[in-house]
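Below, each chain spelled out in residue letters.
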Amino acid sequence: SLITIILLILLCFAITDFINPSNKRLHEQLYKLAFFITFFLFSIKYYYGADIVVYSNIYTEIKEPWNFMSGLKTVDGYFEPGFLFFVSLVKWLGIAFWGMTLIVSIIYSYAIYKLFKLIPSYRIVALFILVLLDYNLIFATYRQCLAVSFFILMYFSYIDKKYIKMLLYALVTILMHKSGIVYVIPVLF
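My aim in this report is to walk through the structure given alongside it, one point at a time. All chains use their own residue numbering, which begins from 1 and follows the written sequence. Local features are withheld for residues below a pLDDT of 70 in this predicted model, meaning they are given only at 70 or higher, and side-chain atom pairs are given and counted only at 80 or more; totals for whole chains, interfaces and linings count all residues. Derived side-chain values reflect all non-hydrogen atoms in the structure, with water molecules and hydrogen atoms excluded from consideration.

## As for the pattern of salt bridges
When the charged atoms of two side chains with opposite charge come close together, those side chains can pair.
Piece 1. Take a side-chain nitrogen of Lys or Arg and a carboxyl oxygen of Asp or Glu: if they are within 4 Å of each other, that pair is a salt bridge. The final tally for this structure, using the stated rule, is four salt bridges.
Piece 2. Among the salt bridges present, the one from Lys32 reaches Glu28, with a minimum N-O distance of 3.7 Å. Remark: Glu28 and Lys32 occur in helix α2 (residues 24-43); sequence separation between them is four residues, near one turn of the helix.
Piece 3. Note on classification: 1.4 Å probe, protein chains only; a residue is buried when its accessible area is under 20% of the maximum for its type, exposed when over 50%, partly exposed between these limits. Take Glu28: its relative accessible area is 25%, and that puts it in the partly exposed class. Helix and strand definitions here come from DSSP, where helices need a minimum of 4 consecutive H or I residues and strands a minimum of 2 consecutive E residues; each element is numbered from the N-terminal end.

Structure, rendered in structure tokens:
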């Protein structure tokens, strides 16, 4: 499967983290290559995951952004309003379902890349561990993936002392997935 291929490639790259660790330039280049390959392979997925039928049906049924809440009835109110608005906006822009999944992958990749800049060394090992433990988030759960991405961006807004931006990311995190409130509220306090 694609996940197995990604994990095997990352394992090979992760081993290089232990070879000549003092060569920072080499490891930086290998990390960027491993990161690009990993998220490229995750981004080319198409109609994958246990909930894919539900997601693709929502994409087919959702209304335009200014009327997306009427789409709640067609999808039994299963998804959060933030995610439904995101889907309706992407669809309204004329982007195909795969394009929507690509946008989710890009947002997540950006947040993770920014987060991994804080790791001084062995970043490929960290990336391997992340993918090994959380491949389902990256591969098949779009709402949760967006919520995690915006939560990470909320953290960076806090670090940068951009509190309005932080609160906006907090709100978007909560609106993307209901579990976001469980993590956002304690962090804000």
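## Re helix α1 (residues 2-16)
Piece 1. Expected helix span is computed as 1.5 Å times (number of residues minus one). In a regular helix each residue adds 1.5 Å, so 15 residues correspond to 21 Å; α1 covers 22 Å between its end C-alpha atoms and thus fits that length.
Piece 2. Those residues of α1 that fall on the buried side of the exposure criterion are Ile3, Ile6, Leu7, Leu10, Phe13, Ala14 and Thr16. Burial along α1 is one-sided: seen end-on, the buried residues are contained in an arc of 160°. Set apart from the buried face of α1 by more than 90 degrees, the exposed residues are Leu8 and Cys12.
Piece 3. Lining the buried residues of α1 we find α2 and α7 (123-140). Of all possible arcs, the one meant is that of the directions from the helix axis to the C-beta atoms. Only heavy atoms enter the contact rule, under which two residues are in contact if any of them lie within 4.5 Å.

## Topic: the environment of Met100
Piece 1. Topologically, Met100 is positioned in helix α6 (residues 97-116).
Piece 2. Measuring from C-alpha to C-alpha, the distance between Met100 and Ser157 comes to 25 Å, with 57 residues separating the pair along the chain.
Piece 3. Residues within four places of Met100 in sequence aside, it is in contact with Tyr59, Phe86, Val87, Val90 and Ile95.

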